[in-house]
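If you want the building blocks of each chain, they are given just below.
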Amino acid sequence: MAGCKPKSAPVTPVGDYSGKVVIDPVNRIEGHLRIEVEVENGRVKNAWSSSQLFRGLEIILQGRDPRDAKHFTQRSCGVCTHVHSLASTRCVENAVGVQAQIPETGLVLRNLLLGAQFLHDHIVHFYHLHALDWVDVVSALSANPKKAAEITNTAGLGHRKHTVAEFEATQARLKKFVEGGQLGIFTNAYFLEPHAAYKLPPEINLIATHHYLLALKVQLLPSRMMAIIGGKNPHTQSLYEGGITCYDALKPENIAQFKALFQETMDFVNQFYIPDVLAVAPYYLDWGGIGHTTHFQSCGEFPTDESDLNSRFLPHGAIFNNDLSQVADFDLKKIEEHVQHSWYKEGSPKHPWKGVTDPMYTSLDEMETGKTGRYSWMKAPRYQGLSTEVGPLAQTLVSYARGHKPTQAVVNLVLKHLGVGADALFSTLGRTAARCIETKVIGDEMVSWIEKLEANVAAGKTDIVAPFTMPDTAFGVGFCNAPRGTLSHWIEIAGGKIKNFQLVVPSTWNLGPRCDKGILSPVEEALIGTPVFDPKRPVEVLRTVHSYDPCIACGVHIIDPKSNETYKFKVC
């Protein structure tokens, strides 16, 4: 491990700034998000998360055929498209009562399609949306390529062996960017001038930069996997209530292609992604105590019976007060949405089946002046009246506490390598590691799903969709544990058409505003106590925000409340 793990993790420096810091919009995310924090003596004292985008899909869907919902809702996002289609499909299936009749082969194909999206999303998140919060690309110019190769080849982290020539080529490529007066995809990053919050030695920065560039190509592989089963990607077309309609995916040559793409993707996960997380994390161990949240929930995922949450490979559950000794069952009746601090007409907290989406924009000035008014287009979902984090960390904690052996094995490996206890998981570092852990756990299980698909096709079990009859009136709900967390779609059918439709999405859970009781959302809670060394370059704030992989933009402006000066710049 020599040359990879520091003797002791350096502590993130804290500045002496007091005042307000605004990041608007947050970049390297999907959508438009504004984060405002109040800093006192170099640490975040208070925080506000504001979604700046209204789409109104719930309104658009009213009066349409319930089977159309999946085609509209997956346009919610250009990144996590398939999961909205799946949630809507499950939602209608629940309403029409066909969930338990979905053929086994159809379920296997659904699980493989969703598994491919997890592989894609988590690889892209770590390397292209989050890595630049930790990796100083310019520092890689001063790295010793020979030493970088020695680290990957001898540190015992599982890296694929690298040659000195590989790192020399990446360094030369990077040097051309710099000498040309630009860094391309790295332009305007916080590390372009020295920043004390970046701690990696030059060689680790070079390794990570090299792998960043490799990942740009690798992320295409799971996208192609999704297209084989989904018909196209993004915006898959093969889901249908009662199963899936991708009969071409049953052809041996297409299964073989999917399998080859999967194996190449998992080679990258095992030889690059996991080793990179293990190489970078030791330099940021203090972040095991930053970004803390208290309550978590997940609906689980990858079922063998769509009508039974208990059949899901990843278990469902809720954890309160960071207590891993107790896991409550996930209960849909305990979900409600608040709008007191959102740009919607006044109303009491409502269960999604009774949800109302009636926009009423006032002004962001309310947030600027009293900080008690409306400041987000997101509603504030609460579970059992509590602000609960969803996503890879929540799922990993629930799985770990439930005794899910594949998860426990990978979590224990990571904790042992870092020399930390399970309490470090409740943090920004834990949240970032959990995505890697989840990728490994799901990817390993996909091997058995591919084998099941091959066996079923060989045995002639090629039914993949079940018939159903659309009722005149019904209620339905579909839960999907998306790469960003618990996603649910809720439908009321009347006259065979959609009367009401509500989406409660992961980023609403994680990045919404305060609720009627004034309880902070998970990201607002997680930002409290975060060190801020340089208010003009608040990378520490972005580390925690990006750890949620927000799906809600690429200028940032910082306002100094003392001088009223606005600092404007762009960040890659």
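Predicted model, so just to flag it, every value in this text is computed and none were measured.

So, the environment of Y247
Among the structural elements, Y247 can be located in the loop between β5 (243-244) and α9 (252-280). The sequence separation of Y247 and G106 amounts to 141 residues, and the corresponding C-alpha distance is 9.8 Å. Non-local contacts of Y247, meaning those with residues more than four positions away in its chain, are made with T462, I464 and V465.

Some details on the UniProt feature "binding site: Fe cation" (unreviewed entry) in the protein
Taken from the UniProt record, the annotation "binding site: Fe cation" (unreviewed entry) applies to C80 and C554. The topology assignment puts C80 in the loop between α2 (69-73) and α3 (81-96). Accessibility expressed as a relative area gives 6% for C80, which makes it buried. Discounting chain neighbours no more than four positions away, the residues touching C80 are Q117, D121, R484 and C551.

What to know about the side chain of S298
Its location among the elements puts S298 in strand β6 (residues 296-298). The exposure class assigned to S298 is buried, which follows from its relative accessible area of 0%. Engagement of the side chain of S298 in a polar contact is seen with the backbone nitrogen of G300, the distance being 3.1 Å. Looking at S298, its side chain comes within polar contact range of the side chain of Q395, at 2.4 Å. Residue contacts for S298: discarding those within four places in its chain leaves H316, G317, F330, Q395, N481 and T486.

Regarding the sheet that holds strand β1 (residues 19-23)
Pairing within the open sheet is antiparallel, and its 3 strands lie in the order β1-β2-β3. Among the strands making up the open sheet, the edge pair consists of β1 and β3 (43-51). Each strand axis lies, on average, 15° off the axis of its neighbour in the sheet, ignoring direction. Inspection of the sheet shows strand β2 (residues 33-40) paired to β3 by 8 bridges, in the antiparallel sense. Considered in β3, the bridge of E40 is made with R43.

Considerations on helix α4 (residues 104-130)
With 27 residues, α4 ought to run about 39 Å at 1.5 Å a step, and its terminal C-alpha atoms sit 37 Å apart, in line with that. Where α4 bends most, at V124, the angle is about 30°. The buried count for α4 comes to 25 of 27 residues, which makes it a mostly enclosed element.

Quick word on the pattern of salt bridges
Evaluated as defined, the whole model comprises 26 salt bridges. A salt bridge links K499 to E492, with the nearest nitrogen and oxygen atoms 3.7 Å apart. For E492, a relative accessible area of 17% puts it in the buried group. Each of R90, E93, R110, E301, E306 and R312 takes part in salt bridges that share partners, so that together they form one network.

Concerning the packing of helix α12 (residues 405-418) against helix α13 (residues 428-458)
Running from amino to carboxyl end, α12 crosses α13 at an angle of 140°, the nearest separation of the two axes being 9 Å. One element, α12, and the other, α13, form an angle in the oblique class. As α12 packs across α13, the resulting crossing turns out to be right-handed. Residues P406, T407, V410, V411 and V414 of α12 lie in contact with α13, whose contacting residues are I437, K440 and V441. In terms of residue class, the contact of α12 with α13 is built from 6 nonpolar, 1 polar and 1 charged.

Rules used throughout
- Residues numbered from 1 in each chain as written.
- Predicted model: local features only at pLDDT ≥ 70, side-chain atom pairs only at ≥ 80, totals over all residues.
- Heavy atoms only, no water.
- Helix = DSSP H or I, 4+ residues; strand = E, 2+ residues; numbered from the N terminus.
- Contact = heavy atoms within 4.5 Å.
- UniProt positions renumbered as here; feature names shortened; annotations may be inferred.
- Buried < 20%, exposed > 50% of the residue type's maximum accessible area, 1.4 Å probe, protein only.
- Polar contact = N/O pair within 3.5 Å; in protein donor to acceptor, adjacent residues only side chain to side chain.
- Pairing = 2+ DSSP bridges.
- Axes fitted to C-alpha atoms, helices over the stretch in contact; angles between N-to-C directions.
- Expected span 1.5 Å × (residues − 1).
- Bend = angle between axes of the 7 residues up to and from the residue.
- Salt bridge = Lys/Arg side-chain N within 4 Å of Asp/Glu carboxyl O.
- Parallel < 35°, antiparallel > 145°, perpendicular 65-115°, else oblique.
- Left-handed = near helix turned anticlockwise from the far one by under 90°.
- Nonpolar A, V, L, I, M, F, W, Y, C, P; charged D, E, K, R; others polar.

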